[in-house]
Amino acid sequence: MRIYLKNRPGAIRKAVAWALIPLLAACGNGTGSSPNATNTSGSGVNLVATTMAVAAITPASYTVANMGEGFRILSTGNRVLNEHGQVAGYKNIPDLNIDRAFRSDGGVLNDLGALESAVNYSYATAINASGLVAGYSQFGNTDHAFLHDGTTIKDLGVLESAADSSRAVAISAGGLVAGNSTSGGITHAFLHDGTIMKDLGVLDSLKNYSEAIGINASGLVTGYSSLGNTTHAFLHDGSTMKDLGALGSRDNRSFPTAINASGLVTGYSDIGNTTHAFLNDGTSMIDLGALGSSYSYPTAINASGLVTGNSYIGNAIHAFLHDGTSMIDLGTLGGPAAYSAARAINASGQVVGKSAATDNSVRAFIKSPADSQMIDLNTRLTNAPGVELFDAVAISDSGYILAEANTGWVLLKPAVAMPDPAPATLGPITANDPVAVGTPVNVSVLFSDINTSDTHSAQWTWEGNGTSPGVLTEPSGAFPGTIKGSTIFSAAGLYNVTLSVTDGSIAPPSTVSRQVVVYDPSAGFVTGGGWIMSPEGAYKADEHMTGRATFGFVSKYLKGANKPSGETEFRFQTSGLNFYSNNYDWLVVGGARAQYKGSGTINGTGSYQFMLTAVDGDLIAKGTPDRFRIRIWHHDDRTNTDVTDYDNQIDSIAAGSSLEGTVLGGGSINVKIR
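Throughout this description, residue numbers start from 1 for each chain and increase along the sequence as written. In view of the model being predicted, local features appear only for residues whose pLDDT reaches at least 70, and side-chain atom pairs are presented and counted only at 80 or more, with totals across whole chains, interfaces and linings using the full set of residues. Side-chain calculation: all heavy atoms of the structure are included, whereas hydrogens and water are not.

## Structural notes on the overall build of the chain
1) Next: Where helices and strands are cited, they refer to DSSP runs of H or I of at least four residues and of E of at least two residues respectively, numbered from the N terminus. When helices and strands are counted, the chain shows 1 helix and 52 strands.
2) Next: Counting only residues that meet the buried cut, the chain has 56% of its 674 residues in that class.
3) Next: For this analysis, residues touch if any pair of their heavy atoms sits within 4.5 Å. A sequence separation of at least 24 residues applies to 51% of the contacts in the chain between residues at least 6 apart.
4) Next: Of the roughly 26100 Å² of accessible surface on the chain, a fraction of 50% belongs to carbon and sulfur atoms. When a residue's accessible area, from a 1.4 Å probe over protein chains only, is under 20% of the maximum for its type it is buried; when over 50% it is exposed; and in between it is partly exposed. All accessible-area figures derive from a Shrake-Rupley calculation using a 1.4 Å probe, and residue coverage is judged against the displayed protein chains alone.

## A word on the environment of P475
1) Next: Note on placement: P475 falls in the loop between β39 (471–473) and β40 (481–487).
2) Next: A sequence separation of 27 residues divides P475 from S448, and the C-alpha atoms of the two residues are 6.1 Å apart.
3) Next: If we ignore the near neighbours within four places in the chain, the residues touching P475 are F447, S448, P480 and G481.

## Some thoughts on the pattern of salt bridges
1) Next: Basic side-chain nitrogens of Lys or Arg form a salt bridge, by our definition, when they fall within 4 Å of a carboxyl oxygen of Asp or Glu. Overall, the coordinates contain 14 salt bridges when judged by the stated rule.
2) Next: Between R514 and D433 there is a salt bridge; the shortest N-O distance is 2.9 Å. Taken together, the positions of R514 in strand β42 (residues 510–519) and D433 in the loop between β34 (430–431) and β35 (435–436) put the pair 81 residues apart, joining distant regions of the chain.
3) Next: We note a salt bridge from D585 to K597, for which the minimum N-O separation is 3.2 Å. Of the two residues, D585 is situated in strand β46 (residues 577–590) and K597 in strand β47 (residues 593–602); the sequence distance between them amounts to 12 residues.
4) Next: Three or more residues joined by partner-sharing salt bridges are found here, namely R593, R629, D647 and E660.

## Overview of the nonpolar core
1) Next: Throughout, nonpolar core names a set of buried Ala, Val, Leu, Ile, Met, Phe, Trp, Tyr and Cys residues whose side chains join them through atoms within 4.5 Å. Counting 36 residues, the largest nonpolar core has F570, F628, I632 and Y646 as its most contacted members.
2) Next: Take this core: its biggest share by element is 7 residues, from β46.
3) Next: When residues no more than four places from it in sequence are discounted, the contact partners of F570 are A549, T550, F551, L577, N578, F579, F628, I630, I632 and Y646.

## Considerations on unusual backbone geometry
1) Next: Along the chain, D433 connects to P434 via a cis peptide bond; the corresponding omega equals 0°.
2) Next: As for its placement among the helices and strands, P434 is situated in the loop between β34 and β35.
3) Next: Its identity is not glycine, yet Y295 carries a phi of approximately 55°, on the positive side.
4) Next: Note that Y295 resides in the loop between β21 (285–287) and β22 (296–301).
5) Next: Overall, Y295 belongs to the partly exposed group, its relative accessible area being 32%.
6) Next: Positive phi outside glycine occurs at N603, with the angle close to 55°.
7) Next: On the secondary structure map, N603 appears in the loop between β47 and β48 (605–615).
8) Next: Judged by its relative accessible area of 49%, N603 falls in the partly exposed class.

## Section: the sheet that holds strand β9 (residues 153–155)
1) Next: Should DSSP find at least two bridges between two strands, the strands are taken to pair. Pairing is antiparallel across the open sheet formed by 4 strands, whose spatial order is β6-β7-β8-β9. The strands lining the two open edges of the sheet, one partner per strand, are β6 (122–127) and β9. Across the sheet, the axes of successive neighbouring strands diverge by a mean angle of 35°, strand direction being ignored.
2) Next: Across 5 bridges, β6 lies against strand β7 (residues 133–139) in antiparallel orientation. Paired with I127 across the two strands is V133, which belongs to β7. Axis angles are defined between N-to-C directions and span 0 to 180 degrees, where every axis is a line fitted to C-alpha atoms and, for a helix, only to the segment in contact.

## A closer look at the packing of aromatic side chains
1) Next: Pairing of aromatic rings covers Phe, Tyr and the six-membered ring of Trp, with a centre-to-centre limit of 6.5 Å; geometry is then stacked below 30 degrees between planes, edge-to-face above 60, and tilted otherwise. According to the stated counting rule, one finds 22 aromatic pairs in the structure shown.
2) Next: Taken together, a centroid distance of 5.6 Å and an interplanar angle of 20° make the contact between W460 and W462 stacked.
3) Next: In textbook terms, an aromatic cluster arises when at least three aromatic residues are bridged by ring pairs, as seen for Y539, F551, F553, F570, F572, F579, Y584, Y596, F610, F628 and Y646.
4) Next: Either the NZ atom of lysine or the CZ atom of arginine qualifies as a charge over a ring when it sits within 6 Å of the ring centre and within 35 degrees of the ring normal. R167 extends its terminal NZ or CZ atom over the ring of Y136, reaching a point 4.2 Å from the ring centre.
5) Next: Its end group placed over the ring of W531, R548 keeps NZ or CZ at 3.6 Å from the ring centre.

## Topic: the pairing of strand β28 (residues 362–367)
1) Next: Taking burial as the measure, the 6 residues of β28 include 6 buried ones, the bulk of the element.
2) Next: As defined by bridge partners, strand β27 (residues 351–356) adjoins β28 across 6 bridges and the pair is classed as antiparallel. If you follow A356 over to β28, its bridge partner there is V362.
3) Next: Pairing analysis gives 2 bridges linking β28 to strand β29 (residues 375–376), with the strands arranged antiparallel. Within the sheet, the bridge partner assigned to F365 lies in β29 and is D376.

## What to know about the sheet that holds β27
Two pairing modes exist for strands in a sheet, parallel and antiparallel, and in both the strands are linked by backbone hydrogen bonds.
1) Next: The strand order β26-β27-β28-β29 describes an open sheet built from 4 strands, whose pairing is antiparallel. The open sheet is flanked by β26 (340–345) and β29, the only strands paired with a single partner.

## What to know about the environment of I602
1) Next: Assignment of secondary structure puts I602 in strand β47.
2) Next: Classification of I602 as buried rests on a relative accessible area of 11%.
3) Next: With 26 residues separating them along the chain, I602 and G576 place their C-alpha atoms 9.6 Å apart.
4) Next: Apart from residues lying up to four places away in sequence, I602 is in contact with L577, N578, F579, Y608 and I632.

## Notes on the environment of S262
1) Next: Within the element layout of this structure, S262 appears in the loop between β18 (254–259) and β19 (265–271).
2) Next: In the structure, S262 is positioned 41 residues away from A303 in sequence and 7.0 Å away in space, judged by C-alpha atoms.
3) Next: When neighbours within four sequence positions are excluded, S262 is seen to be in contact with N216 and A303.

## Regarding the side chain of D503
1) Next: Within the element layout of this structure, D503 appears in the loop between β41 (493–502) and β42.
2) Next: A positive count includes Lys and Arg, and a negative count includes Asp and Glu. His and the chain ends are not counted in either. Buried and without a salt bridge, D503 has K413 as its closest oppositely charged side chain, separated by 11 Å.
3) Next: Once residues lying within four places of it in the same chain are set aside, the contact partners of D503 are A422, P423, D449, D454, T455 and H456.

## Focus: the pairing of β27
1) Next: Of all 6 residues that make up β27, 6 are buried, and the element is covered over most of its length.
2) Next: Here 5 bridges tie β26 to β27, and the two strands are oriented antiparallel to one another. Considered in β27, the bridge of A341 is made with K354.
3) Next: Hairpin connection between β26 and β27: a loop of 5 residues separates the two successive antiparallel strands, and G349 in this loop has a positive phi of roughly 85°.

Honestly, it's all geometry; don't read function into it.
Here's what the structure looks like:
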């Protein structure tokens, strides 16, 4: 997430945006799937005792706990996961159509509320071992950092005036909060002790900016600050901001990514025509090198000073572990794309992340010191029918792992850490959609429970259509259980369907959800033409690019057809992007809003999916502006993931509402309801 880039001059904004680009894209082909070591720093780092942790092994099995309906996180890494398996994140509140900060406690989601008003949005960004959560919330027309103690949300305020904004980014074991606040229109890092927000200042000149990115148990804050024509990492001890310098020339840029309990800072810096990972103890900046000839990017550091991250080797990115002397290639899961990306590391030296596998899919991995090579976490799951793990983004010292799955976010628990009783584990919801209005929507879920003697009950919740009990078949031996349901929607729309399962114990219910598409061939049609100003961040090949984008479209159901017909053309002239489609899957018209999905080409070639959302303002109130959104994406066969090429919806808060999309600069949209 970009923070406050709009407050900086263009050149500085570009420099900082460059710095935040993660080197995690899978590209090209590489070779090798087992670890290799490369000495990258000559005599070794030797800043502290960076010895390997005890030779931890990967547990033989993990149980899976569903995080709950719609739960999401803002960032990867251990700051969102603590030793007790509590996770800081957020979810959408459909009735209010806002995002709200939540803390997940073993699958139970706790709404942390918002500042000032119950209808404001909020986001949780970090959690400590005591369960204290930091984040930010809407406050009037701006944002304020907050601290939540499990009962009360506390406004941490801003540095200067009521018009300024602040956001917390990290929290220490003792509850100190680090973050960023505007001060006279310029962003400054801050430290908050629960009573006072302290401006941490900047390097070089009061006209410069600074941003915090992390804090350790002792309250040391690391971040970066502009310095003349460059940007340098800093370390702040509560009194003084110290310039950590850069690799090579002082004119080079450096940016921190993490700090450990000893105050060691890791990050990356310009060196020659590339960037390298570094380690800094407040006195010396050591080049950690790279696996190949260019690029290394650290993502995390543990208490012993072990650094993990990602580096190019050949034409592909591989996860690495740096032990203080050598950068060790952690390999891949063996896929032809041969890439891997490390996300986090714990005190035992266990690294988690994602990697291409032999079937070209992207799978979550763990690499423990005693393992000869990284392990696909999917092979270590117990009683998780249908669950597929795509990415592991955090791992606690106690071994909990936060992962992204086809059922949403899940928490993996080593079998020895699994509490008794435990909730059921649910697979993804399968459905027969899209279906026409008046046609049954049939859904099904596979499930299991590590407590084999449990008896379960299930309930389906159909958005706007009440609830119904699940038709349940209990698991038997190695065979998972099944839960089925069915309902009929009387109007077209995108509907949330949620399944909740209890087992009669004190364990929290398990939930899983997804949207289903219901269309009405006779409901109406949508047409439009005109232009928008494409916002910064929409065109993914160059997120700085803006300019006029034109569009024209029509989508409607012909008599007797089960798929809509029409044409869509979208041109972003500045980028040279010209998208065209005459192949649609479905159309949903409801009120002032219409949405349809299909496939097409860019500049006459390729295979791209798209979803277009159009809002007819006059159907809301005369004079209300029309709005337009288009998301275009393609499937990357190498990584088995969908990659967004264009999306002009920058603010996720408005998605799904009448404020979705960009206001038209010219032209009109007409939604017709028959």
